[in-house]
Structure formats: C-alpha cells, structure tokens
Amino acid sequence: MSRKRKQNHLEESKKNVSDKKLTKQNLARLLAMIGATAVIFAVYRFMMTQKYFEIVLGIYLAAATAVILGYVIYNRGFSRRGVTEDMLPNTWSAEQKREFIEDGEQRLRKSRPLLILIFAFAFTFVIDILELFALPLIQNIFAK
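Residues numbered from 1 in each chain as written. Predicted model: local features only at pLDDT ≥ 70, side-chain atom pairs only at ≥ 80, totals over all residues. Heavy atoms only, no water.

Draft legend 1. Layout of the environment of leucine 108. Mapping leucine 108 onto the fold places it in helix H3 (residues 94-110). A residue is classified by how much of its surface remains accessible, and leucine 108, at 26% relative accessible area, is partly exposed. Distance in space between the C-alpha atoms of leucine 108 and tyrosine 74 is 8.7 Å, their sequence separation being 34 residues. When near neighbours in sequence (up to four residues on either side) are disregarded, leucine 108 contacts Tyr71, Asn75, Phe78 and Arg81. (Helix = DSSP H or I, 4+ residues; strand = E, 2+ residues; numbered from the N terminus. Buried < 20%, exposed > 50% of the residue type's maximum accessible area, 1.4 Å probe, protein only. Contact = heavy atoms within 4.5 Å.)

Draft legend 2. Broad picture of the confidence of the model for the protein. Here the protein averages 86 in pLDDT, while 88% of its residues score no lower than 70. Per-element averaging of pLDDT across the protein places helix H1 (residues 3-48) at the bottom with 81 and helix H2 (residues 56-74) at the top with 94. (pLDDT = per-residue confidence, 0-100.)

Draft legend 3. Local environment of a nonpolar patch on the surface. A surface patch of nonpolar side chains, about 390 Å² in accessible area, is lined by Leu27, Leu30, Leu31 and Ile34. Relative to the helices and strands, isoleucine 34 resides in helix H1. (Patch = residues over 30% accessible without salt bridge, like charges linked within 9 Å, V, L, I, M, F, W, Y side chains within 5 Å. Areas by Shrake-Rupley, 256 points an atom, 1.4 Å probe, with all protein chains shown as cover. Salt bridge = Lys/Arg side-chain N within 4 Å of Asp/Glu carboxyl O.)

Draft legend 4. Structural view of the packing of aromatic side chains. Within this structure, the stated rule accounts for 7 aromatic pairs. Ring geometry for phenylalanine 121 against phenylalanine 125: centres 6.4 Å apart, planes inclined by 25°, an arrangement best described as stacked. In this pair, phenylalanine 121 and phenylalanine 125 both sit in helix H4 (residues 112-143), 4 residues apart, roughly one turn of the helix. The buried category is assigned to phenylalanine 125, whose relative accessible area is 15%. (Phe/Tyr/Trp six-rings, centres within 6.5 Å; stacked < 30°, edge-to-face > 60°.)

Draft legend 5. Highlighting the pattern of salt bridges. Enumeration over the complete set of coordinates arrives at 4 salt bridges. The salt bridge partner of arginine 45 is glutamate 131, with a shortest N-O separation of 2.6 Å. Placement of the pair is arginine 45 in helix H1 and glutamate 131 in helix H4, with a sequence separation of 86 residues. Using a relative accessible area of 28% as the deciding quantity, one classes arginine 45 as partly exposed. Accessibility expressed as a relative area gives 36% for glutamate 131, which makes it partly exposed. Across the pair arginine 76 and aspartate 103 runs a salt bridge whose closest N-O atoms are separated by 3.9 Å. With arginine 76 in the loop between H2 and H3 and aspartate 103 in helix H3, this pair connects stretches of sequence that are 27 residues apart.

Draft legend 6. How the structure looks around the nonpolar core. Residues Ile40, Val56, Tyr60, Phe121 and Phe125 are the most contacted members of the largest nonpolar core, which totals 14 residues. At the level of secondary structure, the elements contributing two or more residues to this core comprise H1, H2 and H4. With residues near it in sequence (within four places) discarded, phenylalanine 121 still touches Ile40, Tyr60, Ala63, Ala64 and Val67. (Core = buried A, V, L, I, M, F, W, Y, C linked by side-chain atoms within 4.5 Å.)

So, in structure tokens, the structure goes:
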C-alpha cells in the first residue's frame, strides 16, 4: 500500500471514529431531551390534578422565563454568534480575536442543557394549549 493510500485510510478511520463519537453524543442529547420533557410534562400534569392547580401554570411560566433569560444572558444575547476575525476591532491581537470567538462557541456548547429545558417547557405548553383550545374546537366541528 502506498504512503498516500495509508494516509487516506488513516484519515478515513479517524473520521469514522469521530462520526461514531458524535452519533453517540447526539443520541445521549436526544435521550436527555426526551427524559427532561417527560419529567417536566409528567410533573405538570400531576400538579394540575391537585387542589392548588391555579398557580401551577404561573409557576411553570416563571420557571420557563427564568430558563430562557438565563440562556440568553449566558450567551450574551448571541452577540458572539457568527462573528469572524474580520468583524472584530483591528486594535485587537490575533490571539484576543481567537479567544473572543472561542468563548462564544464555548458558551453555546455549555448552555445546551438550558436549551433542552427550554424545549421541554415549550413542548409542555404547546400540548396544554392544544388540549385547551384546539381539541374542543375540533370536537365541536365533528360533533355537528
């Protein structure tokens, strides 16, 4: 086998290993999202059956708002998303520019758990709204 073929083979095997690792990470994220959604939805449904159900929606809305604000504030309003070195001030050194861009990318990666919680709250609210408003409307249409 020639040197070039060996090098290509090594690069392909490294790529396959990284693809498998990425697939496992994505599967873990998916399972975490499903689990968080199931827990938040189940707790919400259980609390709605209790005698203090009037305040449950307010508590969930406050919690969802806190998570969303935490996500946006931690990511600094997404001001660092899509920034290239050309967009940064010329007075900065190349290392300062690189650190600025890496910090933005690192913040997006670290805030993924908050994004999973945001999805879980959003799913819970969408199901609740559909059940409260859309389902009775659909039932009335077909009842006539």
